[in-house]
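Tertiary structure, described
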Amino acid sequence: MAIESYLWQGSHAVAQGALKAGVNYFAGYPITPSTEVAEFMAYALPSRDGIFIQMEDEIASIASLIGASLAGAKAITATSGPGFSLMQEGLGYAIMAEVPLVIVDVMRGGPSTGLPTKPTQADVMQAKWGTHGDHPIIALCPASVKESYYLMVKAVNLSERFRTPVIFLTDETIAHMRERVQIDVDEKLYIEPRIEPKDPRNYKTFQPDERLVPHQAKFGTGFRTVVTALYHDESGFQNTSAEVAERFNKRLVDKVEKYIDEFYETEEYNLENSELVFVSYGASHRTVLQVLNDSKNPKWGFLRLVTIWPFHDKLVKEKLKKAKVIVVPELNMGQMVKEIQRLFGDTKKIVSVNRWDGELITPDQLRKVAEQA
Amino acid sequence: MREQILKYFKQDKLPHVFCPGCGNGEVMHAMAQAIDELGWDPTQILIVGGIGCSSRIATYTIFDSLHTLHGRPVAFAVGAKLANPNLKVIIVSGDGDASSIGGNHLIHAARRNMDLTLFIVNNYTYGMTGGQYSPTTPLGSFTTTSPCGHVEEPFSITDLLVGAGAPFVARTGTLYFNELVKLMKLALAKNGFAAIDIFTQCPTNYGRNNRLGKPIDLIKTQASILVPKEKYDLLEPGDRVGKFARGVIQDVEKPTFLDHYRACILSTRKAVHHE
Ligand SMILES: Cc1ncc(C[n+]2csc(CCOP(=O)(O)OP(=O)(O)O)c2C)c(N)n1
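The following refers to the structure shown. What you see is a predicted model, and the numbers here were worked out from it, not measured in a lab. (Residues numbered from 1 in each chain as written. Chains lettered and ligands numbered in written order. Predicted model: local features only at pLDDT ≥ 70, side-chain atom pairs only at ≥ 80, totals over all residues. Heavy atoms only, no water.)

1. Section: the overall build of chain A
Of regular secondary structure, chain A possesses 14 helices and 16 strands. Radius of gyration (C-alpha) of chain A: 21 Å, near the 21 Å computed for a compact globule of 373 residues. The buried share of chain A, taken over its 373 residues, is 61%. Restricting the contact set of chain A to residue pairs at least 6 apart, pairs at least 24 apart contribute 77%. For chain A, the accessible area works out to roughly 14,500 Å², and carbon and sulfur atoms hold 51% of it. In chain A, 42 side chains carry a positive charge and 48 a negative one; their mean positions are 4 Å apart. (Helix = DSSP H or I, 4+ residues; strand = E, 2+ residues; numbered from the N terminus. Rg over C-alpha atoms; globule rule 2.2 N^0.38 Å. Buried < 20%, exposed > 50% of the residue type's maximum accessible area, 1.4 Å probe, protein only. Contact = heavy atoms within 4.5 Å. Areas by Shrake-Rupley, 256 points an atom, 1.4 Å probe, with all protein chains shown as cover. Lys, Arg positive; Asp, Glu negative; His and termini not counted. Charge placed at Lys NZ, Arg CZ, Asp CG, Glu CD.)

Written as structure tokens, this is what we have:
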């Protein structure tokens, strides 16, 4: 096959990406604006010998994903703010028990029922800190329909590579927008295999490899896999001693954060020459593109965060070192801007541009702020 | 006999954490005996527990084990079973785990007829957190959160499950050990959702808070309100108050979730084919 043109909706690109990555289990609960992902999977999975199930709630959805993943499936769900909140305990479980899965969170206006049908980017911090305890998190954020496809493949791959849940943090605008996508759907993409332990005799469920990742055997393969989200020793048996807790939690965070260079992704434009740099992600990045396109100011550029979490202090600092002014447009009251402020304090002028009323930041609004900055 | 049972447990992890006189040991024993008598391949068994004393039973077995979140073992089990239908999935859950925080998952797994076996270790209380009331705590009894006597009516978990459509539902108590083994074998062998409500003694919390004497006295008190199903059915409604039927409460055949799911896929494929 060759490259062809499709008119895809963002949600469908997410679902297509999931299928491309080998996802064969979807459990979810309907919630606007994420439901299109579920509907697509309900249609696509049964004929591919996969499982689709609409569970009784989001708590059950993520719980069933964990069970399915440990039994060998590649499992995802899709939800939005309120449902993502309900999934937080299960998310923590998956992190602790080192279970690959992907949660697609299509951000809508909050708190609570908020603005169900309108875009925001208000779950940036929920993605990072929504579940309790110190933990690593990987969150990816697409800014176009086409990118939703490829980034979803990457999300599934990373969850397998690190044996940890990945948050696919998209928003109402990108998920509901239709764009022309030129793509070869049969193109061979890298798909991360799940490493299977070989010898049941020396097997320990949570024995990490040299990259700090344990390789649990699938249930039903004769390995006596032992999974708990209590602190546990390498065998998987509960152990709440101070020494085990100290060691385990450290490895859990290190296994992701030490390898950040392997997967951290940004997109940039004109950083070499720019005095003013927009730092953006997702829907608000579309406004940045329009502003740069209209103004043609040679001293403006952007840094787009594709990997939202973990935050790469060193790399972002390096990329922004020439900027005098950093403008951070966000569809929330200012969440990611706090990371930028943390990096630079008052050594640079940092301008937060915000909107949380369910409307996009207009190019006019953003251009005016940049001109005055 | 001892060896036949012990081989299903991680012997290096024994003794377990349960209090002296606790009924979890009887449940563990009965379960191992039932599996042994069925001659099942241990490598094809997945045992799932929630959070609570009884849920810990899962962690002591030699099967693949999944110790989950409070209230969620049924939902975890659904995923594992659907991803690998060859697994024999057993869930061990407390009365609080299964019917309070996990009540929603319980009724929907029963309604969908997920092919899972659920042993509800019903000790009338929250053992692990120190003896608070649960949905099965009898009216008037004392727990740390009902210091004046409990003001709520308890659930009959079996009525709930029959109402939700579970094809196999049974009840017994730890005193009736042989019946427990027999019911467990039936539940395990059932193709579809099968649950047993097992009245189990918690001498440390429920027994002590209600001054019910030694563990054996508590076992007998709990057993005294269990009436064989055939006799229970003949009782006048007024005489049933405070009593519970024991034995097989419901046993019917019906297609499981996966039976329906597979049939639906086949018919869709045929439809596509005929176009
Ligand atoms: C979300 C959540 N809420 C509360 C708890 C605390 N908790 C742990 S076990 C338990 C109750 C256990 O009672 P039951 O399920 O009846 O089992 P038992 O200990 O009596 O065997 C509670 C409330 C928890 N672990 N998680």
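Next, the rest of the story.
2. As for the sheet that holds strand β13 (residues 300-305) of chain A
Residue and element names in this part refer to chain A. Strand order in the open sheet formed by five strands is β11-β13-β12-β15-β16, and the pairing between neighbours is mixed. At either margin of the open sheet sits one strand with a lone partner, and together these are β11 (266-269) and β16 (349-354). Recorded for the sheet is a direction-independent mean angle of 20° between the axes of neighbouring strands. Here six bridges tie strand β15 (residues 325-330) to β16, and the two strands are oriented parallel to one another. Within the sheet, the bridge partner assigned to Ile326 lies in β16 and is Ile350. Helix α11 (residues 282-295) contacts β11, β12 (276-280), β13 and β15 of the sheet and is inclined by roughly 160° relative to β13. (Pairing = 2+ DSSP bridges. Axes fitted to C-alpha atoms, helices over the stretch in contact; angles between N-to-C directions.)

3. Quick notes on the pairing of strand β8 (residues 165-171) of chain A
Residues and elements named next belong to chain A. Counting buried positions along β8 gives seven out of seven residues, so the element sits mostly inside the fold. Neither face of β8 is left uncovered, since the one carrying Pro165, Ile167, Leu169 and Asp171 and the one carrying Val166, Phe168 and Thr170 both have all their residues buried. Taken together, the seven bridges between strand β5 (residues 101-109) and β8 define a ladder with parallel strand orientation. Within the sheet, the bridge partner assigned to Val102 lies in β8 and is Val166. Between the parallel pair strand β7 (residues 138-140) and β8, the chain is carried across by helix α7 (residues 145-162), and the sense of this crossover is right-handed. (Right-handed = clockwise from strand over helix to strand, strands pointing away.)

4. Some points on the site of the ligand
In the neighbourhood of the ligand, 17 residues make up the surrounding shell, with Cys53(B), Ser54(B), Gly96(B), Asp97(B) and Gly127(B) lying closest. What surrounds the ligand is not a single chain but chains A and B. In the model, an oxygen atom of the ligand is placed 3.2 Å from a nitrogen or oxygen of the Asp95(B) side chain. Within the backbone of Gly96(B), one N or O atom sits 2.9 Å away from an oxygen atom of the ligand. Starting from 590 Å² of accessible surface for the ligand in isolation, the protein chains cover 77%. Listing elements by their share of the shell around the ligand, those giving two or more residues are α5 (95-101) and β5 (125-126) of chain B. Tallying contributions element by element places α5(B) first for the shell around the ligand, with four residues. In terms of residue class, the shell around the ligand is made up of five nonpolar, nine polar and three charged. (Near = heavy atom within 4 Å. Polar contact = N/O pair within 3.5 Å; in protein donor to acceptor, adjacent residues only side chain to side chain. Nonpolar A, V, L, I, M, F, W, Y, C, P; charged D, E, K, R; others polar.)

5. Some details on the environment of Gly50(B)
Residues and elements named next belong to chain B. In this fold, Gly50 is placed in the loop between β1 (45-49) and α3 (57-60). Residues Gly50 and Ser93 lie 43 residues apart in sequence; the distance between their C-alpha atoms is 5.7 Å. The residues touching Gly50, leaving out its near neighbours within four places in the chain, are Ser55, His67, Thr68, Leu69, Pro73, Val92 and Asp97.

6. Considerations on unusual backbone geometry
Of the consecutive residues Thr32(A) and Pro33(A), the connecting peptide bond is found in the cis state with omega at 0°. With an omega of 5°, the peptide bond running from Leu14(B) to Pro15(B) counts as cis. Backbone geometry places Ser112(A), a non-glycine residue, at a positive phi of 55°. Take Ser112(A): it is sitting in the loop between β5 and β6 (115-119). Owing to a relative accessible area of 61%, Ser112(A) belongs among the exposed residues under this scheme.

7. Digging into the interface of chain A and chain B
Contacts between chain A and chain B engage 42 residues on the former and 36 residues on the latter. For the pair chain A and chain B, the summed buried area comes to about 3,000 Å², and 60% of that belongs to carbon and sulfur atoms. The largest contributions to the chain A side of the interface with chain B come from Glu56(A), Phe219(A) and Phe237(A), which together make up 19% of the buried area. Between the two partners, chain A and chain B, sit one salt bridge. Measuring nitrogen to oxygen at the nearest pair gives 2.6 Å for the salt bridge that ties Arg112(B) to Glu56(A). Among the elements of the structure, β3 (51-54), α3 (58-70), α5 (88-96) and β10 (226-228) of chain A are those that each provide at least two residues to the side of chain A that touches chain B. When residues in the side of chain A that touches chain B are grouped by element, the largest group, eight residues, is from α3(A). Tallied by class, residues from the side of chain A that touches chain B come to 22 nonpolar, 13 polar and seven charged. As judged from the three bridges shared by β10(A) and strand β2 (residues 64-67) of chain B, these two strands associate in the parallel manner. Along β2(B), the bridge assignment pairs Val226(A) with Ser65(B). (Buried area = accessible area lost by both parts, 1.4 Å probe. Salt bridge = Lys/Arg side-chain N within 4 Å of Asp/Glu carboxyl O.)

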